[in-house]
Amino acid sequence: MVKKVGQKIMILNEGEHVQIEPYGSHIVRVRVSAGEIRNLDWTLLEPETSQPEIITEKGETVLVNGDLLVRVTQEGQISYWNKHGKLLLSELWRKERDIGARMIRGKQGGLFHLEQHFRSVEGEHFYGLGQEAHDLFDLKGAALDLCQQNTKSTIPFVISSRGYGFVWNNPAIGRVEFGTSETRWVAEAVAQIDYLVIAGDRPGEIENRYCRLTGFAPKFPEWAAGLWQSKLRYETQEELLGVAREYQKREIPLSMIVCDYFHWPQQGEWKFDRTYWPDAAAMVKELEEMGVHLLVSIWPTVDPRSENYLEMREQNMLIRAERGPGALVYCRGPETYYDPTNPEARKFVWERVKENYYSLGIRNFWLDEAEPEIGPYDYDNLRYWIGNGMEVSSLYPFYYAKTFYDGQKESGQDEIINLIRCAFLGSQRFGVVLWSGDICADFDSLRRQIKTGLHVAVSGIPWWTTDIGGFHGGDPDSKGYRECMIRWFQFGAFCPVFRMHGFREKKDRPKSPPVTLDGFCYSGGPNEIWSYGEEAYEIMKHYVEIRERLRPYICRQFELASKEGIPVMRPLFFDFTEEICYEIFDQYLFGPDIMVCPVYEKGRRERRVYLPSGHTWIDTAVGKEYQGGCWITVEAPLERIPLFLRKGTDLAVELFC
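Residues numbered from 1 in each chain as written. Predicted model: local features only at pLDDT ≥ 70, side-chain atom pairs only at ≥ 80, totals over all residues. Heavy atoms only, no water.

1. Details of the overall build of the protein
Stage number 1. Check the secondary structure of the protein and you find 11 helices and 40 strands.
Stage number 2. Here the C-alpha atoms of the protein give a radius of gyration of 25 Å, agreeing with the 26 Å that 2.2 N^0.38 yields for 657 residues.
Stage number 3. Counting across all 657 residues of the protein, residues that qualify as buried make up 64%.
Stage number 4. Residue pairs in contact within the protein that sit at least 24 positions apart in sequence constitute 69% of those at least 6 positions apart. (Helix = DSSP H or I, 4+ residues; strand = E, 2+ residues; numbered from the N terminus. Rg over C-alpha atoms; globule rule 2.2 N^0.38 Å. Buried < 20%, exposed > 50% of the residue type's maximum accessible area, 1.4 Å probe, protein only. Contact = heavy atoms within 4.5 Å.)

2. Let's talk about the packing of aromatic side chains
Stage number 1. Summed over the entire model, instances satisfying the criterion amount to 49 aromatic pairs.
Stage number 2. Taken together, a centroid distance of 5.0 Å and an interplanar angle of 55° make the contact between Tyr-127 and Phe-137 tilted. Of the two residues, Tyr-127 is situated in strand S12 (residues 126–132) and Phe-137 in the loop between S12 and strand S13 (143–146); the sequence distance between them amounts to 10 residues.
Stage number 3. Every member of this aromatic cluster is reached through a ring pair, and the members are Phe-272, Trp-277, Tyr-337, Tyr-338, Trp-350, Tyr-357, Tyr-358, Phe-365, Tyr-384, Tyr-396, Tyr-400 and Phe-404.
Stage number 4. Directly above the ring of Tyr-358 sits Arg-363, whose terminal nitrogen or CZ lies 3.7 Å from the centroid.
Stage number 5. When the ring centre of Phe-585 is taken as origin, the NZ or CZ atom of Lys-451, which lies over that ring, is 4.2 Å away. (Phe/Tyr/Trp six-rings, centres within 6.5 Å; stacked < 30°, edge-to-face > 60°. Lys NZ or Arg CZ within 6 Å of the ring centre and 35° of its normal.)

3. Regarding the sheet that holds strand S24 (residues 329–330)
Stage number 1. Spatially, S22-S25-S24 is the arrangement adopted by the three strands of the open sheet, whose pairing is antiparallel. Both outer strands of the open sheet, strand S22 (301–302) and S24, are each paired with one neighbouring strand and no more.
Stage number 2. Inspection of the sheet shows S24 paired to strand S25 (residues 334–337) by two bridges, in the antiparallel sense. Within the sheet, the bridge partner assigned to Val-329 lies in S25 and is Glu-335. (Pairing = 2+ DSSP bridges.)

4. Regarding the sheet that holds strand S27 (residues 382–384)
Stage number 1. If you walk across this open sheet you meet the three strands as S23-S27-S28, and the pairing is antiparallel. What marks the edges here is a single partner per strand, and that holds for strand S23 (320–321) and strand S28 (387–388).
Stage number 2. Summarising the sheet, S23 and S27 pair through two bridges and their orientation is antiparallel. In the sheet register, Arg-320 faces S27, and the bridge partner there is Arg-383.

5. What about the packing of helix H5 (residues 343–356) against helix H7 (residues 396–410)?
Stage number 1. In contact at an axis separation of 9 Å, H5 and H7 are set at 55° when each is read in the N-to-C sense. Of the possible angle classes, the one that applies to H5 and H7 is oblique. The two elements H5 and H7 meet at a crossing, and its hand is right-handed. Contacts between H5 and H7 involve Arg-346, Trp-350 and Val-353 from the first element and Tyr-399, Lys-402, Thr-403, Phe-404, Gly-407 and Gln-408 from the second. (Axes fitted to C-alpha atoms, helices over the stretch in contact; angles between N-to-C directions. Parallel < 35°, antiparallel > 145°, perpendicular 65-115°, else oblique. Left-handed = near helix turned anticlockwise from the far one by under 90°.)

6. Details of the pattern of salt bridges
Here the idea is simple: oppositely charged side chains can pair when their charged atoms come close.
Stage number 1. The final tally for this structure, using the stated rule, is 49 salt bridges.
Stage number 2. Across the pair Glu-311 and Arg-352 runs a salt bridge, and its minimum N-O distance is 3.8 Å. Remark: Arg-352 occurs in helix H5 and Glu-311 occurs in helix H4 (residues 309–314); sequence separation between them is 41 residues.
Stage number 3. With a relative accessible area of 34%, Glu-311 lands in the partly exposed category.
Stage number 4. Residue classification places Arg-352 among the partly exposed positions, given a relative accessible area of 21%.
Stage number 5. One network of salt bridges, in which partners are shared, links Asp-368, Glu-369, Glu-371, Glu-373, Arg-421 and Asp-438. (Salt bridge = Lys/Arg side-chain N within 4 Å of Asp/Glu carboxyl O.)

7. A short note on the confidence of the model for the protein
Stage number 1. Considering every residue of the protein, the mean pLDDT works out to 95; 98% of them sit at 70 or more.
Stage number 2. Confidence over residues 510–515 falls short of pLDDT 50; this stretch has six contacts with residues more than four positions distant or in other chains. (pLDDT = per-residue confidence, 0-100.)

8. Overview of the side chain of Thr-466
Stage number 1. Locating Thr-466 in the fold gives a position in the loop between strand S31 (464–465) and helix H9 (479–492).
Stage number 2. Judged by relative accessible area, which is 1%, Thr-466 ranks as buried.
Stage number 3. One polar contact links Thr-466 to Ser-436, side chain to side chain, over a distance of 3.4 Å.
Stage number 4. In this structure the side chain of Thr-466 is engaged in a polar contact, spanning 3.1 Å, whose partner is the side chain of Gln-449.
Stage number 5. Setting aside residues up to four positions removed in sequence, Thr-466 forms contacts with Ser-436, Ile-439, Gln-449, Trp-488, Phe-491 and Arg-499. (Polar contact = N/O pair within 3.5 Å; in protein donor to acceptor, adjacent residues only side chain to side chain.)

And the structure:
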């Protein structure tokens with residue numbers, strides 16, 4: 001039975017209750033349950049007001065909401081159309097086998113295995129879904145898990161080339177299949193199907209409406225637009241200060257320097273080990289005098305030997321195992337994690353951070369291990385404050401970021417920027433910079449990072465970065481690796497956040513345990529821009545200078561992202577409607593006027609570039625102009641990444657010289 005109830009359409013069948021309603025202008029929300037519809041908004045914001053209309057037309061019930069029309073047949077089949085009469089999306093019903101588009105299969109504990117099936121459309125392209133180094137640009141044809149892991153952030157939102165966005169509003173473990181026979185969304189254990197469809201004529205319009213659902217990123221601090229310096233870990237206060245002083249001595253601007261993990265006495269003790277960091281307040285002050293901010297690593301792990309463990313366990317502030325021992329990961333001991341879905345745990349952790357870091361003048365935090373990283377990934381064995389891991393695991397990074405954002409806000413901080421390794425729907429509103437995790441240090445990884453960054457941009461996270469040079473490995477003395485580092489650094493200069501990091505090979509590892517950390521974790525090899533030889537140093541220094549010259553332009557793009565949701569780094573199809581732009585993954589726009597064409601193959605000294613039609617493009621290397629709508633081949637010597645300006649911009653070629 002299909003009926004109108006106020007501004008909603010209800011479908012009632014045996015064992016199925018469907019509710020279709022507006023959720024702001026041009027957006028509809030659909031929830032399907034075996035019983036009562038529950039108000040599980042998870043991370044969505046309250047909808048803006050809209051003026052929908054429900055009419056009956058040719059035997060169908062039609063919800064009209066701005067640019068979006070939802071048609072429901074008398075049998076309860078749903079399809080979505082835009083204001084121009086174009087079919088955007090429709091459910092897949094298999095009448096010959098009497099199989100509907102929505103599956104509800106009961107499980108224990110009042111949860112269900114749920115599936116939503118849609119018709120596949122030939123030639124449709126999908127982008128977004130967060131980040132994963134799977135080497136895919138167009139997601140059509142892919143089957144992808146919905147979960148959080150190191151190097152994988154599931155943000156269940158995609159943009160379709162047919163002119164709609166789709167939000168799967170479920171933090172449950174599941175999967176999505178963008179098949180040639182159907183598109184299928186699956187949640188393994190959840191209370192109800194919950195998704196939203198967003199209509200829009202352009203990707204930017206869809207992105208803006210998506211951010212109205214999930215939040216806009218706050219203002220990006222102008223001081224953070226330059227180079228961030230990091231390596232696996234600086235072991236001591238003096239070592240970190242020595243690097244900052246060397247940058248100052250060489251007159252190389254530095255925005256941020258990083259104090260990485262295991263600077264603490266024990267996991268779950270959020271404070272400096274004073275043996276190696278004797279006067280952190282003085283360190284912060286000296287860095288400030290240099291114009292450098294300090295980013296301090298935070299892990300959410302809690303060791304049973306920690307001074308906070310017993311209190312947190314007794315007050316239910318830790319993630320527990322549903323069965324078996326409580327250890328979720330082994331890292332210098334059996335560790336568990338604080339549970340940020342518990343508001344009291346969030347307050348507890350922030351108070352420790354405020355007392356031991358914030359009071360010293362530290363205002364920026366690196367929220368590592370944000371998935372959280374467990375071993376093995378048995379989500380059904382996790383018990384959070386708000387539910388079993390199969391139902392709620394994907395929320396961890398959202399509440400982890402919220403812990404710090406809320407604490408910083410309450411402390412009066414206006415400019416909030418924290419680095420994090422994982423994200424979910426709405427994470428952007430907490431001032432996070434998402435980075436792509438512990439990736440490999442080679443050209444293959446560099447190629448995949450270009451695609452990864454573009455998917456993140458589409459997913460609503462405008463502040464993204466990668467470990468320049470990759471994380472795992474890389475010999476600073478190797479000629480081959482130096483080439484990879486140079487090419488990655490050039491790419492990094494045209495990413496939203498420009499950040500050095502990595503676990504470089506170290507030739508002088510001591511045979512006996514080092515002084516710190518019981519021999520568990522060495523500091524890794526050098527990873528400053530002068531660590532890779534004179535040729536690499538001069539090239540990288542040049543790109544630091546270019547980045548500095550572009551700061552006003554970059555900050556304008558950050559402001560646009562915060563106000564309108566338009567990503568800083570974006571695929572060509574975002575601005576250009578040519579079909580070929582849905583295929584090109586290795587060129588992208590950095591703001592509206594700079595087209596970046598990274599080099600990601602060893603030994604490559606030229607590359608093929610497509611110039612979108614309708615514009616004149618200027619090669620910044622030589623100042624030559626080209627009319628768009630063609631392929632060209634340009635030189636790409638080691639010291640240069642191909643860059644093109646859209647003619648008519650205020651930017652001058654001289655900025656890149």
